[in-house]
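Working through the structure, step by step
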Amino acid sequence: MRALRVVGLHEDGKSIVLEDPASRTRFLLPADERLRAAARGDITRLGQIEIELESQMRPREIQQRIRAGESVEQVAASAGVSAQRVERYAYPVLLERSRTAELAQSAHPVREDGPDVQTLGEVVAHGFGVRGHDYSRATWDSWKGDDGRWVVVLQWKAGRSDNRAHWAFAPGAHGGTVTALDENAEVLLDPSAYRAPRTVRALDPARDAEFQPTLDSVSPERAELPSAEPDPDDDTREIPRVPADPEEDAAVPEPRPKAKKNHPIVPSWEDVLLGVRSQRG
């Protein structure tokens, strides 16, 4: 890298004239804000200027978006710059969000009859214990909404599901107050509403294969043959006989004997041959 020496100010008043001592070649350097910041040794201002030149997003806008809940990666992707350049402006705001989430845990949940005596952190820790969740693995965060109110969020994982609960935090005396904003937040504030899931018995193939009942089958223990000894008190074995009505018997006519039909007598072959008539009939 070659070293240049300052010759003076250009006639336009906006550039510095530099010269190479070896070749006598002269250069023009714009006397802009970056040059003045570099001359003062203001590294922070130099970083701000670089972001302003590389993107349309100013440092104040970066901090506003971080305060509204966006991450450093999201802001960097929107601004088109690296995450390292956004972190220098996001760091103070991230500390503010972390501190607000910590203060909200000391706030008192608002009940129907007023603020609770216990704090939000105590109530949530008890609710996690009732449900068998690990409270140490839960994470707190916060951000500031468009209406100027702080929103506190609790994130935790139960099994394979990711869960979130949100509260509105109002700083004030004695720690301030928090109000539930969704169903998960309301459930965590009321541990008595929790119902333990029912346990499911594991199937034993060897045991269940012994007997498989169906709609028309009975268990082997209950499948017994009926007793063959008659019950003396049981009168349902024979069908009761109803006595016939004498009038109905009289009304039935007696069958008539069939009359014999008069057929002509045919003589046998012997009668015709001998010329006699046999007595038949």
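Thresholds applied
Residues numbered from 1 in each chain as written. Predicted model: local features only at pLDDT ≥ 70, side-chain atom pairs only at ≥ 80, totals over all residues. Heavy atoms only, no water. Pairing = 2+ DSSP bridges. Helix = DSSP H or I, 4+ residues; strand = E, 2+ residues; numbered from the N terminus. Salt bridge = Lys/Arg side-chain N within 4 Å of Asp/Glu carboxyl O. Buried < 20%, exposed > 50% of the residue type's maximum accessible area, 1.4 Å probe, protein only. Axes fitted to C-alpha atoms, helices over the stretch in contact; angles between N-to-C directions. Core = buried A, V, L, I, M, F, W, Y, C linked by side-chain atoms within 4.5 Å. Contact = heavy atoms within 4.5 Å.

Attention shifts here to the sheet that holds strand β7 (residues 150–158). Pairing is mixed in the open sheet, where six strands are placed in the order β5-β4-β9-β8-β7-β6. What marks the edges here is a single partner per strand, and that holds for β5 (114–115) and β6 (139–144).

Here we come to the pattern of salt bridges. What the rule picks out here adds up to nine salt bridges. Two residues, E102 and R99, come together in a salt bridge whose shortest N-O distance is 3.6 Å. A residue pair is termed a helical-turn pair when its members lie 3 or 4 positions apart in one helix, as E102 and R99 do in helix α5 (residues 83–104) at three residues. Judged by relative accessible area, which is 46%, E102 ranks as partly exposed. Through salt bridges that share partners, R5, E19 and R26 make up one connected network.

Pairing within the open sheet is antiparallel, and its three strands lie in the order β1-β2-β3. In the strand order of this sheet, the two ends are held by β1 (5–9) and β3 (26–30), each with one partner. Between one strand and the next, the sheet's axes are offset by a mean angle of 35°, whatever the strand orientation. As paired elements, strand β2 (residues 15–19) and β3 share five bridges and run antiparallel to each other. In the sheet register, I16 faces β3, and the bridge partner there is L29.

Generally speaking, nonpolar side chains in soluble globular proteins are found buried as a group. Core analysis: the biggest nonpolar cluster contains 20 residues, and W140, L154 and W167 have the highest contact counts within it. Of all the elements in the fold, those that place two or more residues in this core are α5, α6 (120–131), β7, β8 (161–170) and α7 (183–189). Every residue in contact with L154, bar those within four places of it in the chain, is listed here: V124, F128, A138, T139, W140, N163, R164, A165, W167 and L188. Core analysis: the second largest hydrophobic core is formed by twelve residues, I66, V72, V75 and V86 among them.

Let's shift gears to the pairing of β6. For a regular strand, side-chain orientation follows a simple rule: the groups alternate between the two sheet faces. Two strands pair when backbone bridges link them, and β6 and β7 are joined in this way by six bridges, in the antiparallel orientation. Residue W143 lies in a different strand from β7, and its bridge partner there is V151. The turn joining β6 and β7, which pair antiparallel and follow one another in sequence, is formed by five residues; a positive phi near 90° is taken by G148.

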